[in-house]
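Here's the letter readout for the chains.
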Amino acid sequence: MAELVCFSENCRARFPITEVIYNCPHCGGLLETMYEAPEQSALMLKRVWRERRASNMPLDQSGVWRYREFIPFLNSYNCVVTLREGNTPLLEARQAAQYGGLDQLVFKHQGYNPTGSFKDNGMTCGTAQALRLGMSRVACVSTGNTSASMAAYASAAGLQPIIFIPHGNISYGKLAQALEYGARTLQVEANFDQILALVRQLAEKLGIYLLNSINPFRIEGQKTIMTEMLDQRDWRVPDWVVLPGGNLGNTSAFGKALREMKELGLIDRLPRLAVIQAEGAAPFYELAHQPAKARRKAVLKAVEHPETLATAIKIGDPVSWPKALFEVSNSEGVVERVSEQEIADAKAVIGRCGIGCEPASAATLAGLRKLTAAGTIRADEDVVAVLTGHVLKDPDFIYKYHTGSLQTPDGALIRSTFGNQPVVVPYDSDEIAKVLES
Ligand SMILES: *Cc1c(COP(=O)(O)O)cnc(C)c1O
């Protein structure tokens, strides 16, 4: 049986899994899904999940729904729409390992998803829940990967996607995807928080299901990123899992997944989580670095004007911080922050490995470099870093970096340490040969 449970320690109120709520109606706390343990043993589950990789059934081909016993919130799979999300590779990267101060480094590249980010892992679940509840419209407030992903999944499911965009805050690459996938896109003259409040009222009135970051079913889908990673490693647990932190939904999802996999006997220990934020949008870093005594009662202090070129983690008031704080402490994890220059250089190094990613994803390698330098992570430890988005999400950033014209949000020039300028040559084979030999 599946239920929604309030995450707040003092409340823990329970609700039917089909209740349309986004926060606890009693205390306003975050909600999470809770299940009874599956009937199958850990050994059985591992066998079934492995066998499904050879199946031609859409449900089995999904890197999310293949692990459906681990996210059993539905009572029927008729409402599942899959674009074959997940199924993302583990990629070894020698140059990046060296740059990050490690003997070895493996990237779990979520940019290989259908719309190019890990949001797809969650969105297939959020969309299934919307269909199960009989909704005909879904909405989110976002200009980023969430809207690109929601638009695709909603349209594939025959739902109408509605995207609300804060005024003057458009990211064209990702917005282009949302338009192409057929989302109704509304630009509102207000900031993110104001629009969210408005949309919540509208949602109830118009029967719109909200697929914003706190939606607990999206978190369930994102859990399978960790399940798939461990399945691909034949259940060898790494020492560290490194990921960027924005709204902290993914941190919450990874922590919950690892905890639950340990409870089910799928793994025998927890990897430590290392969450990396951008310096200009690092409220979670500040929270985690309070003295131990103060931290237990601490409340996150929002950053009013978050600034970073890594727009996917440009979040001043991350909604999922209570869950993320619990998961980081529970895994004996750490939180680090990195500069714009560090993100840009790390991203170029990942590119040189033939891998590539969007700026937010590169915070992982930049953070690793700092954490190994500080001795927090040893060179010989087993590390998996999660690249969250595709390299083509933000081509403008790339071109500017390589041509030496990339600027931080406050106007400082970013050095193109690993720059790769295009060269203009005359139409002359001797001249071109000379350039190539030099
Ligand atoms: C959404 C997103 C993040 C941030 O994840 P949170 O769950 O909000 O912490 C990081 N990178 C990319 C590419 C994203 O799309």
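All of these numbers come straight from a predicted model, not from anything done at the bench.

Would you take a moment to explain the overall build of the protein for this structure?
Along the protein, the regular secondary structure elements total 16 helices and 13 strands. Here the C-alpha radius of gyration of the protein, 22 Å, is about what a compact globule of 438 residues would show, namely 22 Å. Principal-axis analysis of the C-alpha atoms places the extent of the protein at approximately 75 × 55 × 50 Å. Out of the 438 residues belonging to the protein, those deemed buried represent 55%. Contacts in the protein between residues far apart in sequence, at least 24 positions, make up 68% of those at least 6 positions apart. Surface accessibility of the protein: about 19,500 Å² in total, with carbon and sulfur atoms responsible for 49%. Positive and negative charge centroids in the protein, built from 45 and 47 side chains respectively, lie 4 Å apart.

Would you explain empty space enclosed by the protein in this entry?
Think of a ball as big as a water molecule: rolled over the atoms, this probe shows where empty space is left. According to the stated counting rule, one finds three cavities of 30 Å³ or more in the structure shown. The calculated volume of the largest cavity comes to roughly 50 Å³.

Help me out: how do you make sense of the environment of proline 322 in this one?
By the element assignment, proline 322 lies in helix α12 (residues 321-330). Residue class for proline 322 comes out partly exposed when judged on its relative accessible area of 28%. Among all residues touching proline 322, those that are not within four sequence positions of it are Phe7 and Leu30.

Any chance you could explain the packing of aromatic side chains here in plain terms?
What characterises a pair of aromatic rings is the spacing of the ring centres plus the angle enclosed by the ring planes. Following the criterion strictly, the structure yields eight aromatic pairs and no others. Aromatic pair phenylalanine 7 and phenylalanine 326: ring centres 6.0 Å apart, planes at 75°, arrangement edge-to-face. A residue pair is termed long-range when its members are at least 10 positions apart, and phenylalanine 7 in the loop between β1 (2-6) and β2 (14-16) and phenylalanine 326 in helix α12 qualify at 319 residues. Phenylalanine 7 gets classed as buried once you look at its relative accessible area, which sits at 15%. What makes phenylalanine 326 partly exposed here is its relative accessible area of 38%. With 6.0 Å between their ring centres and 75° between their planes, tryptophan 65 and tyrosine 77 make a pair best called edge-to-face.

Is there a simple way to explain the pairing of strand β12 (residues 334-338) in this structure?
On a regular strand, one side chain projects to one face of the sheet and the next to the other, so that they alternate. Where burial is concerned, most of β12 is hidden: four out of the five residues are buried. Both strand β11 (residues 272-278) and β12 contribute to a ladder of five bridges, which runs parallel. Paired with isoleucine 276 across the bridge in β12 is glutamate 336.

Looking at this structure, I do not really get the sheet that holds strand β9 (residues 208-210). What am I missing?
Sheet strands line up and pair through hydrogen bonds in the backbone, either parallel or antiparallel. With parallel pairing, the four strands of this open sheet are ordered in space as β8-β7-β6-β9. The open sheet has two edge strands with one neighbour each: β8 (184-188) and β9. The sheet shows a mean angle of 25° between the axes of neighbouring strands, direction not considered. Here helix α7 (residues 192-206) sits on the sheet and contacts β6 (137-141), β7 (160-166), β8 and β9; the angle it forms with β7, its principal contact strand, is near 155°.

Explain a nonpolar patch on the surface to me, please; I cannot follow it from the model alone.
A surface patch of nonpolar side chains, about 420 Å² in accessible area, is lined by Val423, Val425, Ile432, Val435 and Leu436. Relative to the helices and strands, valine 423 resides in the loop between α15 (395-402) and α16 (429-437).

Could you clarify how one ought to interpret the site of the ligand in this entry?
Residues in close proximity to the ligand total 16 residues, the closest being Lys119, Asn145, Gly246, Asn247 and Thr388. At 2.6 Å from an oxygen atom of the ligand is found a side-chain nitrogen or oxygen belonging to lysine 119. Between the ligand and asparagine 250 there is a distance of 2.8 Å, counted from an oxygen atom to a backbone nitrogen or oxygen. The protein chains hide 94% of the 390 Å² of surface that the ligand would expose on its own. Its residues assigned to classes, the shell around the ligand shows six nonpolar, eight polar and two charged.

Sorry if this is basic, but what is going on with unusual backbone geometry here?
The general pattern is negative phi for most residues beyond glycine and trans for most peptide bonds. Phi at aspartate 234 takes a positive value of approximately 50°, unusual for a residue other than glycine. Along the chain, aspartate 234 falls in the loop between α8 (216-232) and β10 (240-244). Its relative accessible area of 53% is what places aspartate 234 among the exposed residues. Non-glycine residue glutamate 332 carries a positive phi angle of around 55°. Of note, glutamate 332 is situated in the loop between α12 and β12. Glutamate 332 gets classed as exposed once you look at its relative accessible area, which sits at 59%.

Procedures and definitions
- Residues numbered from 1 in each chain as written.
- Predicted model: local features only at pLDDT ≥ 70, side-chain atom pairs only at ≥ 80, totals over all residues.
- Heavy atoms only, no water.
- Helix = DSSP H or I, 4+ residues; strand = E, 2+ residues; numbered from the N terminus.
- Rg over C-alpha atoms; globule rule 2.2 N^0.38 Å.
- Buried < 20%, exposed > 50% of the residue type's maximum accessible area, 1.4 Å probe, protein only.
- Contact = heavy atoms within 4.5 Å.
- Areas by Shrake-Rupley, 256 points an atom, 1.4 Å probe, with all protein chains shown as cover.
- Lys, Arg positive; Asp, Glu negative; His and termini not counted.
- Charge placed at Lys NZ, Arg CZ, Asp CG, Glu CD.
- 1 Å grid on protein atoms, 1.4 Å probe; cavity = no way out; pocket = protein on both sides within 12 Å on 5 of 7 lines; lining within 4 Å.
- Points joined across faces, edges and corners; volume = space filled by probe spheres on them.
- Phe/Tyr/Trp six-rings, centres within 6.5 Å; stacked < 30°, edge-to-face > 60°.
- Pairing = 2+ DSSP bridges.
- Axes fitted to C-alpha atoms, helices over the stretch in contact; angles between N-to-C directions.
- Patch = residues over 30% accessible without salt bridge, like charges linked within 9 Å, V, L, I, M, F, W, Y side chains within 5 Å.
- Salt bridge = Lys/Arg side-chain N within 4 Å of Asp/Glu carboxyl O.
- Near = heavy atom within 4 Å.
- Polar contact = N/O pair within 3.5 Å; in protein donor to acceptor, adjacent residues only side chain to side chain.
- Nonpolar A, V, L, I, M, F, W, Y, C, P; charged D, E, K, R; others polar.

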